[in-house]
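Next come the chains, spelled out residue by residue.
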Amino acid sequence: DKAADTGGSAPVEALSFTESPSSPAFVSASESNSDRPDLSSAAVVVSGGRGMKNGDNFKMLESLADKMNGAVGASRAAVDAGYVPNELQVGQTGKVVAPDLYVAVGISGAIQHLSGMKDSKTIVAINKDKEAPIFQVSDYGLVQDLFDAVPEFEAKI
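Residues numbered from 1 in each chain as written. Predicted model: local features only at pLDDT ≥ 70, side-chain atom pairs only at ≥ 80, totals over all residues. Heavy atoms only, no water.

**Q** What's the story with the pairing of strand S2 (residues 71-74) in this structure? I'm lost.
**A** Looking along a regular strand, one sees the side chains alternate between the two faces of the sheet. Burial of the side chains of S2 extends over both faces: Ala71 and Gly73 are buried on one face and Val72 and Ala74 on the other. Pairing analysis gives four bridges linking strand S1 (residues 44-48) to S2, with the strands arranged parallel. Residue pairing for S2: Val46 is matched across the bridge by Val72. A crossover links S1 with its parallel partner S2, the connecting element being helix H1 (residues 58-67), and its sense is right-handed. (Buried < 20%, exposed > 50% of the residue type's maximum accessible area, 1.4 Å probe, protein only. Helix = DSSP H or I, 4+ residues; strand = E, 2+ residues; numbered from the N terminus. Pairing = 2+ DSSP bridges. Right-handed = clockwise from strand over helix to strand, strands pointing away.)

Put into structure tokens, the structure is as follows:
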């Protein structure tokens, strides 16, 4: 129902405004510096997922990426778990990448992640779960525990 145009009884009050003592203020700006290529434009991307188990284990992916002159990425699950910072997220709510080589380590292959890396020229997946959806889009797949596979892979480069 429409309110009446006249005849209302709401009080009219004058308000005064004073500036808050805790006004927002600029604190700082920072940019991460790395010798690695930018994730969005790298020719090689090595990404980790929840299978990495913690942030310290991403060091093995960083080492592999450095040997391949590549960037490090991550799934949303790895970012949400606090393993790595948000700027490494690949997927629908992260960065879209299309490298020549995408190495997915411990990533199940949720549709959200696949949408961010599906245009990669060659996709290599390493996952101990042979039923992981990532294998449906990968060109090469290795069903093996990543903690055995990645060091062996890196040793052969």
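**Q** I'm lost on the pattern of salt bridges in this one. Help?
**A** Pairing between side chains becomes possible if they bear opposite charge and their charged atoms approach one another. Tallying each qualifying case throughout the model produces five salt bridges. Linking Arg36 and Asp66 is a salt bridge whose minimum nitrogen-to-oxygen distance equals 2.8 Å. Placement of the pair is Arg36 in the segment before S1 and Asp66 in helix H1, with a sequence separation of 30 residues. Residue Arg36 is classed as partly exposed on the basis of its relative accessible area, which comes to 25%. (Salt bridge = Lys/Arg side-chain N within 4 Å of Asp/Glu carboxyl O.)

**Q** Is there a simple way to explain the nonpolar core in this structure?
**A** Across soluble globular proteins, you tend to see nonpolar side chains buried next to one another. In terms of nonpolar packing, the biggest core is built from 24 residues, with Val46, Phe58, Leu61, Val105 and Val150 touching the most fellow members. Elements with a minimum of two residues in this core: S1, H1, S2, helix H2 (76-80), strand S3 (101-105), strand S4 (122-127) and helix H5 (146-155). Per-element accounting of this core gives the leading share, five residues, to H1. Once residues lying within four places of it in the same chain are set aside, the contact partners of Phe58 are Gly48, Gly49, Met52, Val72, Gly73, Ala74, Ala78, Tyr83 and Val84. (Core = buried A, V, L, I, M, F, W, Y, C linked by side-chain atoms within 4.5 Å. Contact = heavy atoms within 4.5 Å.)

**Q** I would appreciate a short explanation of the side chain of Gln112 in the present structure.
**A** In this fold, Gln112 is placed in helix H3 (residues 111-117). Ignoring any residue separated from it by four or fewer positions in sequence, one finds Gln112 in contact with Arg76, Gln89, Gly91, Gln92, Thr93 and Gly94.

**Q** Sorry, what's going on with the packing of H1 against H5 here?
**A** Axis angle and axis distance: for two packed helices, these are the angle between their axes and the distance between the axes, and together they describe the pair. One way to put it is that H1 packs onto H5 with a least axis distance of 10 Å and a crossing angle of 25 degrees. With respect to each other, H1 and H5 are oriented roughly parallel. Both H1 and H5 take part in a crossing whose hand is left-handed. On the side of H1, the interface is formed by Met60, Leu61, Ser63, Leu64 and Lys67, while H5 contributes Leu146, Phe147, Val150, Pro151, Phe153 and Glu154. Within the contact of H1 with H5, the residues separate by chemical class into eight nonpolar, one polar and two charged. (Axes fitted to C-alpha atoms, helices over the stretch in contact; angles between N-to-C directions. Parallel < 35°, antiparallel > 145°, perpendicular 65-115°, else oblique. Left-handed = near helix turned anticlockwise from the far one by under 90°. Nonpolar A, V, L, I, M, F, W, Y, C, P; charged D, E, K, R; others polar.)

**Q** Would you take a moment to explain the environment of Glu62 for this structure?
**A** Position of Glu62 relative to the elements: it lies in helix H1. Distance from Glu62 to Tyr83, taken between C-alpha atoms, is 13 Å for residues 21 residues apart in sequence. In this structure Glu62 touches Arg36 and Val72, once residues within four positions along its chain are discounted.

**Q** For this particular structure, what's the right way to read the environment of Arg36?
**A** Linking Arg36 and Met68, residues 32 residues apart in sequence, is a C-alpha distance of 9.8 Å. Apart from residues no more than four positions distant in its own chain, Arg36 is found in contact with Glu62, Ala65, Asp66, Gly70, Ala71 and Val72. Reaching out from Arg36, the side chain makes a polar contact with the side chain of Asp66 at a distance of 2.8 Å. (Polar contact = N/O pair within 3.5 Å; in protein donor to acceptor, adjacent residues only side chain to side chain.)

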